[in-house]
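# Structural features, examined
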Amino acid sequence: MTPDSARGKNRVESVMRALLMVAALSSVAIVLLIGVFTLKEAIPAFQGIGPLSMLTEKVWRPGQESFGILAMIAGSGLVTLGSILIGVPLALGCAVFLAEVAPRWIANIVRPSVELLAGIPSVVYGLFGMVVLVPAVRGIDVPGNVGFGLLTASMVLAVMILPTIASVTETALRSVPRSYYNGSLALGATRWESIRRVNIPAARSGILSAVVLGLGRALGETIAMIMVIGNSVIMPKAITSNPLSIFLSRARTLTGNIAVEINYATGLHESALFATGVVLFLLIMIVNTTARGLIKASMAGGVAR
Amino acid sequence: MMRKLALLAALVVAAGCGQQPGTAGEAGNGAPAGIRGEISVVGSTTVQPLAEVLAEAFETLNPGVTIIVSGGGSSVGVKSGADGTAHIGMCSRHVKESEFQESPNIMVHTVANDGIAIVVEPSVPVDGLTLLQCRDIFSGVITNWNEVGGPAMPIIVVSREEGSGTRGAFEELVLGDALMAESAILQPSNGAVRTTCSTTPGAVAYLSFGYLDSSVKTVAVDGALPTPENVAAGTYPVYRPLNMITDGQPGGIAGAWLEFILSDEGQAIVVAEHYLPVN
């Protein structure tokens, strides 16, 4: 190799490094820009209403100058919880089946179908929820149940987060070395025991990442939620003596609050909607940070070797 | 862009004054003198479709004129009409006292009226309510149809979101000082309100006359069915003005267009678009 061509290679190296860095930094810059802009617009609300009273008040009546978003935080939290409770077992089952159990030809049918779910626009999910799931949930014979509410919203959301969680989990399961599984079989474990005791624990950091991605998607979903959750600003509460009936209650999500009202909002009302955005931003940051901590801890625990 | 618009408007006004001071309106009736230029009209999404049709008709009569109509909501309409951001603001409710105080110069031109009907899911066997009962139903005081002569069936209130002009007008006309029931299902458009009301057993909602169809049942208020005739006769109480807002007396194209809207020709278009004429 001549010194000249070595120098040329070095130049390519440094140019590429700079380009990659710009690409990486631009996403940081975009997050910062959005964050700063949202915060700037929210400042009048934080000054005029006060962050603490916004976060702890349950009443949201912009016409009467009441701007409490606690009910919306509860709504977002509960619908996300509901979607995780329904969606994660489904997605895990789907991923384990695809990665470990399914014959290749079946996997080749199931995998594209799951991926197709990710490509359906959320307004179509919302429409499906509105005309099929709402009447179905209304069939649960409980006074005060109208079909619109947290349960319907959780069901719609569970299907929406399923493809993300399933495909990331499948990748994680496939990246577990085959020798672990074979070793376990050689020691006399059955296939199910090997999957449960060896493969899933070995892939758990990947599985946790998958669930976190799903969580982020669930917290941010807007249009489909607006169409099926009822959008009433009320603190969700059980409508019968059974605490699970809280999921039949109507609610409003943080994202829905912004999307439903931003068109007409002016002044303090508009600023309060941006403040809702700031809270959502912080909530997602908290979720992500906690999850990253969990993943790190689980990796440190490692696989028994 | 704004400077260009302002310049154009100034030119138009100057031209109008040069020809026949103070009678720009005559040009609007298709007079050969001809007016040219561009104005912007901003505000209520309820008024917007009507304004677009009226703008198109006026542009056909005056080929040199362009009227740009865009949405934004009633509050935006009042604000941009008052501060001159737009030549004309649109507003589908009465102008509030606070808005008059903020900009005492504004002129309100009512160009049409729009009725708001109380509708129920078709299986609800209630055919009429009093205005007072409507208020109690939508504010959550009456919660069962058996309190207003129907069967024992919970009432499900469906409403528009806070800030909507239709909701604002409804609150002003029906609720008065009472507040909308917290448990109301809120939908962000007239279409979604209609779908929800038509499919939810026991539902009650309010809709602009333009959105009525056979999927929901209208109920009489104080004995009068929600029809344009009953509004005109003064027996149906729930209707609101569709307003155009200007900063002072409008001149030039804006003045000519408003005059056209209030002419017999303009009001015929209002009727054809299922709104109620002013006179």
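Keep in mind that this is a model prediction, so the values were computed, not measured.

### Re the overall build of chain A
- The number of helices and strands found in chain A is 12 helices and two strands.
- In sequence order, the secondary structure elements of chain A are arranged as α-α-β-β-α-α-α-α-α-α-α-α-α-α.
- Seen through its C-alpha atoms, chain A measures out along the principal axes to roughly 75 × 60 × 35 Å.
- Here the analysis covers contacts within chain A between residues at least 6 apart in sequence; of these, 71% occur between residues at least 24 apart.
- Working note: accessible area of chain A is about 15800 Å², and carbon and sulfur atoms make up 70% of it.
- Across chain A, 23 positive and 13 negative side-chain charges occur, with their mean positions spaced 9 Å apart.

### Considerations on the domain arrangement of chain A
Residues and elements named next belong to chain A.
- Taken domain by domain, chain A holds domain 1 (1-48) and domain 2 (51-304).
- On a C-alpha basis, the centroid separation for the pair domain 1 and domain 2 is 31 Å.
- Listed by partner, the interface residues are 12 residues for domain 1 and 10 residues for domain 2.
- Both sides together, the interface formed by domain 1 and domain 2 hides about 880 Å², and carbon and sulfur atoms give 84% of it.
- When the area that domain 1 buries against domain 2 is broken down by residue, the three leading residues are Thr38, Ala45 and Phe46, summing to 52%.
- Taken together, the connections running from domain 1 to domain 2 amount to zero salt bridges.
- Counting across the interface, domain 1 meets domain 2 through three residue pairs in polar contact (both at pLDDT 80 or more).
- Residue composition of the side of domain 1 that touches domain 2, grouped by class: nine nonpolar, two polar and one charged.

### Thoughts on the pattern of salt bridges
- Under the criterion given, the structure shown has 14 salt bridges over all chains.
- With its nearest N and O atoms 2.9 Å apart, the salt bridge here joins Glu171 of chain B to Arg167 of chain B. Of this pair, Glu171 of chain B and Arg167 of chain B both sit in helix H7 (residues 165-175), four residues apart, roughly one helical turn.
- A relative accessible area of 23% means that Glu171 of chain B is categorised as partly exposed.
- Assessed through its relative accessible area of 5%, Arg167 of chain B is described here as buried.
- Linked by salt bridges that have partners in common, Arg111, Glu170 and Arg174 of chain A make up one network.

### Quick notes on the interface of chain B and chain A
- Chain B puts 26 residues into the contact, and the matching count from chain A is 24 residues.
- Counting each side, the surface lost to burial between chain B and chain A is near 2100 Å², with a carbon and sulfur contribution of 57%.
- Considering only the side of chain B, the residues that lose the most area to chain A are Glu162, Glu182 and Leu186 of chain B, jointly responsible for 28% of the buried surface there.
- Along the contact surface separating chain B from chain A lie zero salt bridges.

### What about the pairing of strand S4 (residues 106-120) of chain B?
Residues and elements named next belong to chain B.
- Counting buried residues in S4 gives 12 out of 15 residues, a clear majority hidden from the surface.
- Two strands pair when backbone bridges link them, and S4 and strand S11 (residues 239-247) are joined in this way by nine bridges, in the antiparallel orientation. Bridging from a neighbouring strand, Ala112 pairs with Leu242 of S11.
- Where S4 and strand S8 (residues 203-208) come together, five bridges link them in antiparallel fashion. Along S8, the bridge assignment pairs Ala117 with Leu207.

### Quick word on the packing of helix H3 (residues 48-61) of chain B against helix H11 (residues 264-272) of chain B
All names here are of chain B.
- The contact between H3 and H11 brings their axes to 10 Å, and the two run at 145°. Of the two possible hands of crossing, H3 and H11 adopt the one that is right-handed. Counted together, Leu50, Val53, Leu54, Ala57 and Leu61 of H3 and Glu265, Gly266, Ile269 and Val270 of H11 form the full contact between these two elements.
- In the contact of H3 with H11, the residues fall into seven nonpolar, one polar and one charged.

### Observations regarding H7 of chain B
All names here are of chain B.
- Among all positions of H7, only Gly165, Thr166, Arg167, Ala169, Phe170, Val174 and Leu175 are buried.
- Of the residues that open H7, the one with a side-chain oxygen 3.3 Å from the backbone nitrogen of Thr166 is Ser164.
- Of the residues flanking the end of H7, it is Gly176, one or two places downstream, whose phi is positive at about 65°.

### Considerations on the side chain of Arg252 of chain A
- Note that Arg252 of chain A resides in the loop between helix H10 (223-229) and helix H11 (254-261).
- Side-chain polar atoms of Arg252 of chain A contact the side chain of Asn257 of chain A, separated by 2.8 Å.
- In contact with Arg252 of chain A, other than residues within four places in its own chain, are Trp60, Ala71, Met72, Gly75, Ser76, Asn231, Ser232, Val233, Asn257 and Glu261 of chain A together with Leu186 of chain B.

### What about the domain arrangement of chain B?
Residues and elements named next belong to chain B.
- Split into domains, chain B comes out as domain 1 (2-28 + 40-111 + 240-272) and domain 2 (114-239).
- Opposite the six residues of domain 1 that make contact, domain 2 presents nine residues.
- Around 650 Å² of area is buried between domain 1 and domain 2 when both sides are counted, 44% of it from carbon and sulfur atoms.
- Broken down residue by residue, the surface that domain 1 buries against domain 2 is led by Arg93, His94 and Arg240, which jointly contribute 79%.
- If you look at where domain 1 meets domain 2, you find one salt bridge.
- Between Asp114 and Arg240 there is a salt bridge, and its shortest N-O distance comes to 2.8 Å.
- The interface formed by domain 1 and domain 2 includes three residue pairs in polar contact (both at pLDDT 80 or more).
- A class-by-class count of the residues in the side of domain 1 that touches domain 2 yields one nonpolar, four polar and one charged.

### Some details on the confidence of the model for chain B
- Averaged over all residues, the pLDDT of chain B is 85; the fraction at 70 or higher stands at 88%.
- Scored as a whole, the predicted complex attains pTM 0.78, and scored at its interfaces, ipTM 0.77.

### Section: the side chain of Ser83 of chain A
Residue and element names in this part refer to chain A.
- The topology assignment puts Ser83 in helix H3 (residues 70-101).
- Assessed through its relative accessible area of 0%, Ser83 is described here as buried.
- A polar contact of 2.8 Å, which involves the side chain of Ser83, links it to the backbone oxygen of Thr80.
- Residues contacting Ser83, with those up to four places away along its chain left out, are Val88, Ser154, Leu157, Ala158, Ile161 and Ala218.

The rules we used
Residues numbered from 1 in each chain as written. Chains lettered and ligands numbered in written order. Predicted model: local features only at pLDDT ≥ 70, side-chain atom pairs only at ≥ 80, totals over all residues. Heavy atoms only, no water. Helix = DSSP H or I, 4+ residues; strand = E, 2+ residues; numbered from the N terminus. Contact = heavy atoms within 4.5 Å. Areas by Shrake-Rupley, 256 points an atom, 1.4 Å probe, with all protein chains shown as cover. Lys, Arg positive; Asp, Glu negative; His and termini not counted. Charge placed at Lys NZ, Arg CZ, Asp CG, Glu CD. Domains from an automatic or database assignment. Buried area = accessible area lost by both parts, 1.4 Å probe. Salt bridge = Lys/Arg side-chain N within 4 Å of Asp/Glu carboxyl O. Polar contact = N/O pair within 3.5 Å; in protein donor to acceptor, adjacent residues only side chain to side chain. Nonpolar A, V, L, I, M, F, W, Y, C, P; charged D, E, K, R; others polar. Buried < 20%, exposed > 50% of the residue type's maximum accessible area, 1.4 Å probe, protein only. Pairing = 2+ DSSP bridges. Axes fitted to C-alpha atoms, helices over the stretch in contact; angles between N-to-C directions. Left-handed = near helix turned anticlockwise from the far one by under 90°. pLDDT = per-residue confidence, 0-100.

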